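# Working through the structure, step by step
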Amino acid sequence: MTRIARLARAAAAGAALLLLAACASTRPWINQPIAEGGAQHEEATLAPAARPIVGAVTLSGGGARAAAFGLGVLEELKATRVQAEGRDTTLLDEVGLISGVSGGSVLASYYAAFGDETFERFEREFLLVNFQSGLLRQATEPATLYRLSSPWYGRSNVLEQHLAPVFRGETFGSLRRRRPWPHLLVTATDLTTGVPFEFTPEQFGLICSDLDSVPLSFAVAASSSVPLLLSPMTLRNYAGTCDAPQRPRTAAQPHRNLSARFLRMIADSYGTAQQRPYIHLVDGGLADNLGVRALVDHTIASGSLQESFQQLPPGSVHRIVLVVVDSERAFADRIDETDRVPGTRQVLDAMIFGAGSRWTAETTEVVKDTAMRAAEEVRAARGRDGSPFAADAEVFVINVRLRDLQDPRLRESLLNVPTAFEILPSHSKQLRAAGRALLCANPEFQRLRRSLGLDGGTITADTQVAEDAQP
């Protein structure tokens, strides 16, 4: 290296150090107070509109692995053609609510914003663009390093900036005006209380803030902010500065059951801006990795399924369909197979992902229990005068789990795809095929198809993946 080159490198290094030494005062985007008269208070619900098929899809966390697996499920729902009120449609087009957590929130938000474009563009715009490598490059650029020296700017703000082009600058307001169907539910975790924080008009009404101005990229970054690896995302709490929001029906009656008391507790936790002026959000998977708990809690809190659907015309509901997509990965290390003291990385892995696994197992059982009670209630109420449930109304809860693949080598290969923001093309292809095949092979999905007059099929998921997703 020449003396001039060495001097140039030294000068550049010195300039960089001086740049970083001058701590930045950069402040990222922050949510604004709600406009006068702009408050809307809507509950997360399985019944957003009167249609013969009331459908919701929830997409779990799991990084790009979850996004690819969920994409396969959406593809199969789109390929399932049905007749509804004389219309030729698809099961996916009848879905009125799509919910996402962490990696699942990327796909849920993209589909809510761009609809059928998802099947042509999502893979090449997110899954296969080396998103994580690009994020790391952006994080090490001098301008980014300078912003990161600000006490108000964190690593998740870099993620949000990197996500913005994926969602083309869409906000919840532009989404509501341009594509009101399906409703979008993105969930993060309130770092202080450990409870779910939902990007909904109801939730933002509690903090007197304007959801319409929130970028989708901000919500997705918050939902994906794995603690320690990424930083929390921050919202301002303006509670107490607007007219007191009308209590949601479920929160106003906490005596009903535990879920109603839980929702009331969450609402009360935002109190006033003096008590909690700022809310720090992290990965939604810490509170609910399936993205389904809010729907279940609101339904249980209402006291009955019929009360949740009471705004719908009598006899209008024929099928209630909930598709829960579970992309939970295998543990990176099985610490219970050795007597050695677990290392720091193993402890963090077990604490972050192990705790999520326990909550996922619990939520799965709650969903099963709720589904059984809902089915009994519908059978008792269907066809009665004034009931929203038609005489042939049925409930279908379809749990599509990646770990249900039977072939052990295929299952372990896909379960061990890292929870990251990028994925190998071969893994993306296999996971998409697995999503389609596992949905097709699901007994509850086959029962739904038969109830709609379609061939139930006898597909074997492993066979279909092997045929459709050769690496």
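A few points on the structure. In this text, all values refer to a predicted model and were calculated from it rather than measured experimentally.

About the criteria used
Residues numbered from 1 in each chain as written. Predicted model: local features only at pLDDT ≥ 70, side-chain atom pairs only at ≥ 80, totals over all residues. Heavy atoms only, no water. Helix = DSSP H or I, 4+ residues; strand = E, 2+ residues; numbered from the N terminus. Buried < 20%, exposed > 50% of the residue type's maximum accessible area, 1.4 Å probe, protein only. Contact = heavy atoms within 4.5 Å. Areas by Shrake-Rupley, 256 points an atom, 1.4 Å probe, with all protein chains shown as cover. Pairing = 2+ DSSP bridges. 1 Å grid on protein atoms, 1.4 Å probe; cavity = no way out; pocket = protein on both sides within 12 Å on 5 of 7 lines; lining within 4 Å. Points joined across faces, edges and corners; volume = space filled by probe spheres on them. Nonpolar A, V, L, I, M, F, W, Y, C, P; charged D, E, K, R; others polar. Arc of directions from axis to C-beta. Polar contact = N/O pair within 3.5 Å; in protein donor to acceptor, adjacent residues only side chain to side chain. Axes fitted to C-alpha atoms, helices over the stretch in contact; angles between N-to-C directions. Parallel < 35°, antiparallel > 145°, perpendicular 65-115°, else oblique. Left-handed = near helix turned anticlockwise from the far one by under 90°. Expected span 1.5 Å × (residues − 1). Lys, Arg positive; Asp, Glu negative; His and termini not counted. Salt bridge = Lys/Arg side-chain N within 4 Å of Asp/Glu carboxyl O. Disulfide = S-S within 2.5 Å.

### Concerning the overall build of the protein chain
Within the protein chain one finds 19 helices and 10 strands. The buried share of the protein chain, taken over its 471 residues, is 51%. Intrachain contacts of the protein chain at a sequence separation of at least 6 include 79% that bridge at least 24 residues. Accessible surface computed for the protein chain: about 21100 Å², of which carbon and sulfur atoms make up 55%.

### Brief notes about the pairing of strand β3 (residues 87-90)
In this sheet, β3 lies alongside strand β2 (residues 81-84) in antiparallel orientation, the contact comprising four bridges. The residue bridging Arg81 from the neighbouring strand is Thr90, located in β3. Linkage of β2 to β3, two consecutive antiparallel strands, is achieved through a turn of two residues, within which Glu85 is found at a positive phi near 55°.

### Structural notes on empty space enclosed by the protein
Across all of its chains, the model carries three cavities of 30 Å³ or more by this definition. What the second largest cavity holds in volume is close to 70 Å³. Ile53, Gly55, Ala56, Val57, Leu77, Leu91, Glu94, Val95, Val321, Val323 and Leu448 together form the lining of the second largest cavity. Listing elements by their share of the lining of the second largest cavity, those giving two or more residues are β1 (53-59) and β9 (317-326). In terms of residue count, the dominant contributor to the lining of the second largest cavity is β1 (four residues). The residue makeup of the lining of the second largest cavity, split by class, is nine nonpolar, one polar and one charged.

### A look at the pairing of β9
Extensive coverage of β9 is indicated by the burial of nine of its 10 residues. One ladder, built from seven bridges, connects β1 with β9; its direction is parallel. Opposite Ala56, over in β9, you have Leu322 as the bridge partner.

### Section: unusual backbone geometry
What you tend to see is this: most non-glycine residues have negative phi, and most peptide bonds are trans. Cis geometry is found at the peptide bond from Trp181 to Pro182, where omega equals -5°. Along the chain, the position of Pro182 falls in the loop between α8 (172-178) and β5 (183-190). Of note, the phi angle at Asn130 is positive, near 55°, even though the residue is not glycine. The phi dihedral of Arg168 falls on the positive side, at around 55°, and the residue is not glycine.

### A closer look at helix α18 (residues 443-451)
Inspection of α18 places Phe445, Gln446, Leu448 and Arg449 among the buried residues, and these make up the whole buried set. The arc that holds every buried residue of α18, seen down its axis, measures 155°, which confines them to one face. Tucked inside the fold, the buried residues of α18 contact α2 (63-79), β9, β10 (389-401) and α17 (425-441). A side-chain oxygen of the first residue of α18 lies 2.9 Å from the backbone nitrogen of Glu444; this N-cap is Asn442. Taken from the residues just after α18, Gly453 is the one with a positive phi, measuring 80°.

### Describing the packing of α2 against α17
Between α2 and α17, the least distance of the axes is 7 Å, while the angle of their chain directions is 45°. When the axis of α2 is compared with that of α17, the two are oblique. For the pair α2 and α17, the crossing hand works out as right-handed. When α2 is examined against α17, the residues Arg65, Ala68, Phe69, Leu71, Gly72, Val73, Glu75, Glu76, Leu77 and Ala79 are found in contact with a partner set consisting of Ser428, Leu431, Arg432, Ala434, Gly435, Arg436, Leu438, Leu439 and Cys440.

### With respect to helix α11 (residues 258-269)
The first and last C-alpha atoms of α11 sit 16 Å apart over 12 residues, in line with the 16 Å expected at 1.5 Å per residue. The complete set of buried residues in α11 reads Ser259, Ala260, Leu263, Ile266 and Ala267. In a view along the axis of α11, the buried residues occupy a sector of 125°, so they form one face of it. In this fold, the buried residues of α11 make contact with β6 (196-198), α9 (201-206) and α13 (293-301). If you check the start of α11, you find a side-chain oxygen 3.2 Å away from the backbone N of Ser259, and it comes from Asn257.

### Structural notes on the side chain of Glu160
Tracing the backbone shows Glu160 in helix α7 (residues 155-163). It is Arg147 that comes nearest to the buried, bridge-free Glu160 among opposite-charge side chains, at 9.5 Å. A polar atom in the side chain of Glu160 sits 2.5 Å from the side chain of Ser217. Once residues lying within four places of it in the same chain are set aside, the contact partners of Glu160 are Pro215, Ser217, Phe218, Ala221 and Met233.

### Thoughts on the state of the cysteines
Counted by the stated rule, this structure contains one disulfide. For Cys208, the disulfide goes to Cys242, at an S-S distance of 2.0 Å. Across the S-S bond linking Cys208 and Cys242, the dihedral sits near -70°, which makes this disulfide left-handed. Placement of Cys208 in the loop between α9 and α10 (216-223) and of Cys242 in the loop between β7 (233-236) and α11 is noted, with a sequence separation of 34 residues between them.

### A look at the pattern of salt bridges
Under the definition given, this model contains 26 salt bridges. Glu76 is the salt-bridge partner of Arg436, the closest N and O atoms lying 2.8 Å from each other. Of this pair, Arg436 sits in helix α17 while Glu76 sits in helix α2, and the two are 360 residues apart along the sequence. Looking at Arg436, the relative accessible area reads 32%, which means it is partly exposed. Under the relative-accessibility criterion, Glu76 is labelled buried at 10%. Note that Glu412 and Arg411 form a salt bridge whose closest N and O atoms lie 3.9 Å from each other. The exposure class of Glu412 is partly exposed, given its relative accessible area of 37%. Connected through salt bridges with shared partners, the residues Glu117, Arg121, Glu125 and Arg168 form a single ionic network.

Interpretation note: all reported values are geometric properties and have no functional meaning in isolation.
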